[in-house]
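Here are the chains, one letter per residue:
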Amino acid sequence: MSAVGTVSAARSARGFGTLFATEARVWLRDPGAVFFALVFPVLLLVALGLVIPDFRTPMDDPGLPWENAPAVTIWMPTVLALAVATISLTTMPVQFATFREKGVLRRLATTPMPPQNLIGAHLVINVLALLVAAAAAVVGGMTVLGIPAAVDPLVVLLCFVLATTAMFSLGLLVAARAARGTSASGLGMLIYFPSLLFSGVWVPLPVMPDWMSEVSKYTPIGAAAQGMLAGWFGDGFPLAQVLVMLAWTVVLFPLGVKLFRWT
Amino acid sequence: MTSPVVEVRNLRKTYPGAGRGAAPKTAVADVSFQVARGEIFGILGPNGAGKTTTVECLAGLRAADGGDIQVLGNNPRTDPMSVRQHVGVQLQEAALHDNITVDEAMRVFASFYPDPASVPELLDLLDLTAHGKQRFGKLSGGQKQRLSIALALVGKPQVAILDELTTGLDPAARRATWDLVERVRDSGVTILLVTHFMDEAERLCDRLAVIDKGRVVTEGTPASLIESLDGSRGVRLRFADPAARRRAADLLTLLSRQDDDVAAVRTTADEIEVTGTRRALFAVVQALAPAELVPDDVRTVTRTLEDVFVQVTGRQYQADENEEVAA
């Protein structure tokens, strides 16, 4: 089963449209999910960008595209990585484990709608939510804080897509066997907080110690943040980071699918 | 006779033991039964007897280790789609997101089937019309249960499997649910009712199979099962005067040796219990009347499926006696 396979199989099943639309509505009714998945990244970026004096200082790099941009620009890729990590490690695994805990997957298995399609629908819903969160962060950062556009937007986009595939695969693996929503939440958080560290939330990427930067490069979320940083400042193609994210995806996604418990 | 709607033959299912080196646990050792179209068929037994495993095999949720299952002429494992289209299943526990409304859940489930039932009509039948906009998490236990039944019926199934549908309901809600199950059957749906409540099975089922320790121990209509008990009728007589009680006991003991309708006489602290056929009461009255032994109180003791269980298994019925098999 590939992600594409899931979606196309889903489309062929009767009632997938109704299932998808209803699940999306129900998703939006969870205030926690809406806040952390959609609002938290842009709120964090804009609030800290306005409050922390160091973030407001212009970078003062004469002749470069970001010449007078505020220093918070270096934090933009980190916030995008944070958006990916938040949805994939906190929102999604809890939803999937709760479906299992409440018997939703088992119940669907007795109808003509395969439970795989519910998971497929939610992968799509969470990807859409992530796109909204990322767009809000970029637009908010550019309009409110004056963050300049990325030098290599395609590199940023590529790293963002790979970050999504790698981190959603990790989230799927977290959700694969957790018997309860609370245990998925606990395990997700255990990975989430170190991920924030490696993506530069607490120590911005350019000032990270070398050893930490090196470790970070091999984590999916660290590679994502570093790759997007390279794209934002036109710092060449982040080949190592791209390969790291690809590798995580290729390893974790099949593992998550294989280990996923439906009952 | 038309072919059975559900046919289970020599079903067997063993789970691997929990933990390393643990012995495998046989949930279902040997279960066979047939369900005819239009009947309410009960699977009755204590928790852990193998009822849920049997249902899960029927619904195609589990593969059996042995035996043969046919639902509407199809095998649930090799042809799951045909079974899912025509069999509605209500599983033991709640199975919806807390934030989905009653209307939404009904419409989503209806959309899975080619020819679904009318959602407003079904909500009306289940007395849920007023709760359409309510979220699942806010419903009472009885309302959740009724919604669960509505969801099992929304695909216009030919067979509905209802698993422990009144567990956790108050007496009024249980009775309302029983009426509802009969109404659903009257609409032409064959019902397979799984329960550990003796009274529920006795009240609702046309026929039933009693399962214990993974085997069918007896099968038939509730009336025929009760009728088959030894001394299926009982009379209890109470005498306030100890002397009268002793004389009555002596007379009745004598009677039990002479009259085939009276099987046994047992005396307790202040009561005499006489068991026998349905004519036992007449025999007792005829024996006591000439001696002017008038009891202060007479009660007839009705036998129930519980007595059937005691007779076929040799022990008291306790719904929770067996450890539930882990899913």
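The structure under discussion appears in the preceding block.
Note that the structure is a prediction, hence the values are computed from the model and not measured.

Procedures and definitions
- Residues numbered from 1 in each chain as written.
- Chains lettered and ligands numbered in written order.
- Predicted model: local features only at pLDDT ≥ 70, side-chain atom pairs only at ≥ 80, totals over all residues.
- Heavy atoms only, no water.
- Buried < 20%, exposed > 50% of the residue type's maximum accessible area, 1.4 Å probe, protein only.
- Helix = DSSP H or I, 4+ residues; strand = E, 2+ residues; numbered from the N terminus.
- Arc of directions from axis to C-beta.
- Contact = heavy atoms within 4.5 Å.
- Phe/Tyr/Trp six-rings, centres within 6.5 Å; stacked < 30°, edge-to-face > 60°.
- Axes fitted to C-alpha atoms, helices over the stretch in contact; angles between N-to-C directions.
- Parallel < 35°, antiparallel > 145°, perpendicular 65-115°, else oblique.
- Left-handed = near helix turned anticlockwise from the far one by under 90°.
- Nonpolar A, V, L, I, M, F, W, Y, C, P; charged D, E, K, R; others polar.

*Asks:* Mind laying out helix H10 (residues 210-218) of chain A, listing which residues take part and the relevant values?
*Replies:* All names here are of chain A. Every buried residue belonging to H10 is among Met212, Ser216 and Lys217, and all of these are buried. Within H10, the buried residues cover an arc of 140 degrees as seen down the axis, which keeps them to one side. Residues of H10 that are exposed and angled more than 90 degrees away from the buried face: Asp210 and Trp211. Tucked inside the fold, the buried residues of H10 contact helix H9 (181-198), helix H11 (220-232) and helix H12 (239-259).

*Asks:* So, the packing of aromatic side chains: which residues are in play, and what are the values?
*Replies:* Residue and element names in this part refer to chain A. For the coordinates displayed, the defined rule picks out 12 aromatic pairs over all chains. A centroid spacing of 4.8 Å and a plane angle of 85 degrees characterise the contact between tryptophan 66 and phenylalanine 233, whose relative ring orientation is edge-to-face. Residue tryptophan 66 is found in the loop between helix H4 (53-56) and helix H5 (76-101), and its partner phenylalanine 233 is found in the loop between H11 and H12; the two are separated by 167 residues along the sequence. For tryptophan 66, a relative accessible area of 13% corresponds to the buried category. You can call phenylalanine 233 buried: its relative accessible area is 14%. Centre to centre, the rings of tyrosine 192 and phenylalanine 193 are 5.4 Å apart; their planes meet at 70 degrees, and the pair counts as edge-to-face. According to the relative accessible area criterion, phenylalanine 193 is partly exposed, its value standing at 41%.

*Asks:* Pulling in residues and values, what's your account of the packing of helix H3 (residues 31-51) of chain A against H5 of chain A?
*Replies:* Residue and element names in this part refer to chain A. One way to put it is that H3 packs onto H5 with a least axis distance of 9 Å and a crossing angle of 165 degrees. In terms of orientation, H3 lies roughly antiparallel with respect to H5. Handedness of the crossing formed by H3 with H5: right-handed. Touching Ala33, Phe36, Ala37, Phe40, Pro41, Leu44 and Leu45 of H3 are Met76, Val79, Leu82, Ala83, Thr86, Ile87 and Thr91, all from H5. When the residues that make up the contact of H3 with H5 are grouped by side-chain class, the tally is 12 nonpolar, two polar and no charged.

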